[in-house]
Amino acid sequence: TDEGVCLYFTCDVQARQAGTMRAQADKQPQWFEEAKVFCNGEEVMTVGGTQAEYVVDIWSGNHPFFQGRSSAIMTDAGQV
């Protein structure tokens with residue numbers, strides 16, 4: 001009932017404040033500290049993530065915005 005929900009919520013808040021809440025190891029994905037990121041067949045960086053390898057099409061090293069290049073954006077009546 002409503003009282004049970006309040007009690008659960010109160011206990012949850014108290015556990016957080018006390019620092020006793022911990023992640024359950026059997027429910028967490030495996031973490032890779034040095035996951036490799038590949039773009040066009042080349043390793044471009046490493047990141048922390050839940051996969052050992054990531055394959056991307058665009059990253060900051062080949063995106064025009066991060067390369068300092070800009071282009072005109074066509075607008076129609078003030079809308080992009």
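In short, a report on the structure.

Conventions we followed
- Residues numbered from 1 in each chain as written.
- Predicted model: local features only at pLDDT ≥ 70, side-chain atom pairs only at ≥ 80, totals over all residues.
- Heavy atoms only, no water.
- Helix = DSSP H or I, 4+ residues; strand = E, 2+ residues; numbered from the N terminus.
- Buried < 20%, exposed > 50% of the residue type's maximum accessible area, 1.4 Å probe, protein only.
- Contact = heavy atoms within 4.5 Å.
- Areas by Shrake-Rupley, 256 points an atom, 1.4 Å probe, with all protein chains shown as cover.
- Pairing = 2+ DSSP bridges.
- Axes fitted to C-alpha atoms, helices over the stretch in contact; angles between N-to-C directions.
- Polar contact = N/O pair within 3.5 Å; in protein donor to acceptor, adjacent residues only side chain to side chain.

Looking only at helices and strands, one finds 1 helix and 3 strands in the chain. Moving toward the C terminus, one meets the helices and strands of the chain in the order α-β-β-β. Scored against the burial criterion, the 80 residues of the chain give a buried share of 8%. Here the analysis covers contacts within the chain between residues at least 6 apart in sequence; of these, 0% occur between residues at least 24 apart. Surface exposure of the chain reaches about 7,300 Å², of which carbon and sulfur atoms provide 54%.

We now examine the sheet that holds strand β1 (residues 32-39). The strand order across the open sheet built from 3 strands is β2-β1-β3, with neighbouring strands paired in mixed fashion. With partners counted over all chains shown, the strands left at the sheet margins are β2 (42-49) and β3 (53-56), one partner each. Direction aside, neighbouring strands of the sheet carry axes that sit 30 degrees apart on average. As paired elements, β1 and β3 share 4 bridges and run parallel to each other. Across the sheet, residue Phe38 finds its bridge partner in β3, namely Val55.

The next thing to look at is the environment of Asn40. Position of Asn40 among the secondary structure elements: in the loop between β1 and β2. Given the relative accessible area of 68%, Asn40 is considered exposed. Along the primary structure Asn40 and Val56 are separated by 16 residues, whereas in three dimensions their C-alpha atoms are 7.9 Å apart. Contact partners of Asn40, with chain neighbours within four places excluded, come to Val56 and Asn62.

Let us look at the pairing of β2. Pairing analysis gives 6 bridges linking β1 to β2, with the strands arranged antiparallel. In the sheet register, Lys36 faces β2, and the bridge partner there is Thr46. In sequence, β1 turns back onto β2 through a hairpin of 2 residues, with Asn40 there showing a positive phi of about 55 degrees.

Here we come to the environment of Thr46. Relative to the helices and strands, Thr46 resides in strand β2. Exposure remark for Thr46: the relative accessible area of 39% places this residue in the partly exposed category. Separated by 13 residues in the primary sequence, Thr46 and Glu33 have C-alpha atoms spaced 8.4 Å apart. Discounting chain neighbours no more than four positions away, the residues touching Thr46 are Glu34, Ala35 and Lys36. A distance of 3.2 Å separates the side chain of Thr46 from the side chain of Glu34, its partner in a polar contact.

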